[in-house]
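# Observations on the three-dimensional arrangement
Listed below are the residues making up each chain.
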Amino acid sequence: QEQLAESGGGLVQAGGSLRLSCAFPGRNIRQFVIGWFRQAPGKELEFVARIWSDTYYANSVKGRFTISRDVANETVNLQMNNLKPEDTALYYCAAGSRLGTKEADYDRWGQGTKVTVSS
């Protein structure tokens, strides 16, 4: 099954930054709506941001996170600034054909990359 690949997670102090990348090996990532989701321990999967010809963000990350396409490297990146401990989660990227914010709107997923923000 086709699978996306995330990278860039790690441990950072509160107020710091990380950049996550999402690749779709063997496919043209520009043909898909790409979403980022996250799941904190013991919590449900949460929408973070998505990109097509426009971008859309969850209120919890608006103004701090930026989703963008890197055409040269064929990736979709999530730049995360001013990170907070509550941003700690496993971050997933997903591909779909609908401009959605729900898990069901995306049918191809990566295995996730861990982000830990210490206080």
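Only a predicted model underlies this, so the values are computations on that prediction, with no experimental measurement involved.

### Comments concerning the state of the cysteines
Across all of its chains, the model carries 1 disulfide by this definition. In this model Cys22 forms its disulfide with Cys93; the gap between the sulfur atoms is 2.1 Å. As the torsion about the S-S bond is roughly 75°, the Cys22-Cys93 disulfide counts as right-handed. Of the two residues, Cys22 is situated in strand β3 (residues 18-23) and Cys93 in strand β9 (residues 89-96); the sequence distance between them amounts to 71 residues.

### Structural notes on the environment of Phe65
Locating Phe65 in the fold gives a position in strand β7 (residues 65-70). The sequence separation of Phe65 and Arg19 amounts to 46 residues, and the corresponding C-alpha distance is 9.3 Å.

### Digging into the pairing of β7
Two faces belong to every sheet, and in a regular strand the side chains alternate between them. One ladder, built from 6 bridges, connects β7 with strand β8 (residues 75-80); its direction is antiparallel. Among the inter-strand pairings, Asp70 is bridged to a residue of β8, identified as Thr75. As consecutive antiparallel partners, β7 and β8 are separated by 4 residues, and within that stretch Glu74 has a phi angle of approximately 55°, a positive value.

### Quick word on the nonpolar core
Counting residues in hydrophobic clusters, the biggest one holds 36 residues, and the most contacted among them are Ile34, Trp36, Leu78, Met80 and Tyr91. Mapped by element, the contributors of at least two residues to this core are β3, β4 (33-39), β5 (46-51), β7, β8, β9, β10 (106-109) and β11 (113-118). Discounting residues that sit within four places of it in the chain, Leu78 has contacts with Leu18, Arg19, Leu20, Trp36, Val48, Ala49, Phe65, Thr66, Ile67 and Tyr91.

### As for the side chain of Arg50
Position of Arg50 relative to the elements: it lies in strand β5. Separated by 2.6 Å, the side chains of Arg50 and Asp54 make a polar contact. Beyond its immediate chain neighbours, meaning those up to four positions away, Arg50 contacts Val33, Ile34, Gly35, Thr55, Tyr56, Ile67, Leu99, Gly100 and Tyr106.

### Some remarks on the packing of aromatic side chains
Applying the stated criterion across every chain yields a total of 7 aromatic pairs. Ring geometry for Phe37 versus Trp109: centroids 5.0 Å apart, planes at 50°, classification tilted. Of the two residues, Phe37 is situated in strand β4 and Trp109 in strand β10; the sequence distance between them amounts to 72 residues. For the ring pair Tyr92 and Trp109, a centre distance of 6.4 Å and an interplane angle of 75° mean the geometry is edge-to-face. Pair noted here: Tyr92 is in strand β9 and Trp109 is in strand β10, with a separation of 17 residues, a long-range link. You'll find Tyr92 and Trp109 in the same group, each marked buried.

### Digging into the sheet that holds β7
Note: strands within a sheet are paired through backbone hydrogen bonds, in either parallel or antiparallel orientation. The strand order β1-β3-β8-β7 describes an open sheet built from 4 strands, whose pairing is antiparallel. Where the open sheet ends on each side, the last strands, each with one partner, are β1 (5-7) and β7. Averaged over all neighbouring strand pairs, the angle between strand axes comes to 20°, with direction disregarded. Two elements, β3 and β8, share 6 bridges in a ladder whose sense is antiparallel. Looking across to β8, one finds that Leu18 is bridged to Met80.

Rules of the game
- Residues numbered from 1 in each chain as written.
- Predicted model: local features only at pLDDT ≥ 70, side-chain atom pairs only at ≥ 80, totals over all residues.
- Heavy atoms only, no water.
- Disulfide = S-S within 2.5 Å.
- Helix = DSSP H or I, 4+ residues; strand = E, 2+ residues; numbered from the N terminus.
- Pairing = 2+ DSSP bridges.
- Core = buried A, V, L, I, M, F, W, Y, C linked by side-chain atoms within 4.5 Å.
- Buried < 20%, exposed > 50% of the residue type's maximum accessible area, 1.4 Å probe, protein only.
- Contact = heavy atoms within 4.5 Å.
- Polar contact = N/O pair within 3.5 Å; in protein donor to acceptor, adjacent residues only side chain to side chain.
- Phe/Tyr/Trp six-rings, centres within 6.5 Å; stacked < 30°, edge-to-face > 60°.
- Axes fitted to C-alpha atoms, helices over the stretch in contact; angles between N-to-C directions.

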